[in-house]
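Observations on the model geometry
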Amino acid sequence: MPVLIIFISFMMAMSMRNVAAVTLLTHVPDAHERAGFMSANSAMQNFGAAAGAAVSSQLLQAEPNGVLIGMSGVAGIAMLCALALPLQLKYLRRLTHS
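1. Here we look at the overall build of the protein
When you go through the protein residue by residue, the secondary structure sums to three helices and two strands. When the helices and strands of the protein are listed from N to C terminus, the series reads α-α-β-β-α. Its C-alpha radius of gyration of 17 Å places the protein more than 25% over the 13 Å reference for a compact globule of 98 residues. Out of the 98 residues in the protein, the part that is buried amounts to 10%. When contacts within the protein are restricted to residue pairs at least 6 apart in sequence, long-range pairs at least 24 apart make up 31% of them.

This is the structure:
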């Protein structure tokens, strides 16, 4: 049961983060450029997900007994990316409101 609560909390937090990021991103392009910009942004998000999957597949290995090794490296990269996002959003907000 605790894993279910943690997972639901995580998914809610990611949804809130995405709402804030997309709201801020809509202020970057002019109205007539917004559709193309959002499509390019979506493409970059998908590219990032694919790159993350490729890198993590190189870092993760399974031992003969089934234990997954390399997870600490993947988790570290994920934490760095998550911690960098608020700084990136703050910088973007400063650029769009100057």
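2. Focus on the packing of helix α1 (residues 2-25) against helix α3 (residues 71-96)
Between α1 and α3, whose axes approach to 10 Å, the crossing angle comes to 25 degrees. Our classification of the angle between α1 and α3 gives roughly parallel. Judged by the sense of rotation from one axis to the other, the crossing of α1 with α3 is left-handed. Here Arg17, Ala21, Leu24 and Leu25 of α1 lie close against α3, whose contacting residues are Leu85, Leu89, Leu92, Arg93 and Thr96. Here the contact of α1 with α3 is composed, by residue class, of six nonpolar, one polar and two charged.

3. Regarding the environment of Ala78
Within the element layout of this structure, Ala78 appears in helix α3. Residue classification places Ala78 among the partly exposed residues on the basis of a relative accessible area of 44%. In sequence terms Ala78 and Phe10 are 68 residues apart; their C-alpha atoms lie 14 Å from each other.

4. Points about a nonpolar patch on the surface
A cluster of nonpolar side chains, namely Met1, Leu4, Ile5, Phe7, Ile8, Phe10, Met11, Met12 and Met16, defines an oily patch on the protein surface of about 980 Å² accessible area. Structurally, Ile5 is set in helix α1. Relative accessible area serves as the criterion here: at 49%, Ile5 is assigned to the partly exposed category.

5. Points about α3
With 26 residues, α3 should reach 38 Å at 1.5 Å per residue; the first-to-last C-alpha distance of 37 Å fits that figure. Leu85 marks the point of greatest bend in α3, at about 30 degrees, and the proline Pro86 comes within the next four residues. The set of residues buried in α3 consists of Val74, Leu85, Leu89 and Leu92. For α3, the secondary structure elements touched by its buried residues are α1 and α2 (34-59).

Rules used in this analysis
- Residues numbered from 1 in each chain as written.
- Predicted model: local features only at pLDDT ≥ 70, side-chain atom pairs only at ≥ 80, totals over all residues.
- Heavy atoms only, no water.
- Helix = DSSP H or I, 4+ residues; strand = E, 2+ residues; numbered from the N terminus.
- Rg over C-alpha atoms; globule rule 2.2 N^0.38 Å.
- Buried < 20%, exposed > 50% of the residue type's maximum accessible area, 1.4 Å probe, protein only.
- Contact = heavy atoms within 4.5 Å.
- Axes fitted to C-alpha atoms, helices over the stretch in contact; angles between N-to-C directions.
- Parallel < 35°, antiparallel > 145°, perpendicular 65-115°, else oblique.
- Left-handed = near helix turned anticlockwise from the far one by under 90°.
- Nonpolar A, V, L, I, M, F, W, Y, C, P; charged D, E, K, R; others polar.
- Patch = residues over 30% accessible without salt bridge, like charges linked within 9 Å, V, L, I, M, F, W, Y side chains within 5 Å.
- Areas by Shrake-Rupley, 256 points an atom, 1.4 Å probe, with all protein chains shown as cover.
- Salt bridge = Lys/Arg side-chain N within 4 Å of Asp/Glu carboxyl O.
- Expected span 1.5 Å × (residues − 1).
- Bend = angle between axes of the 7 residues up to and from the residue.

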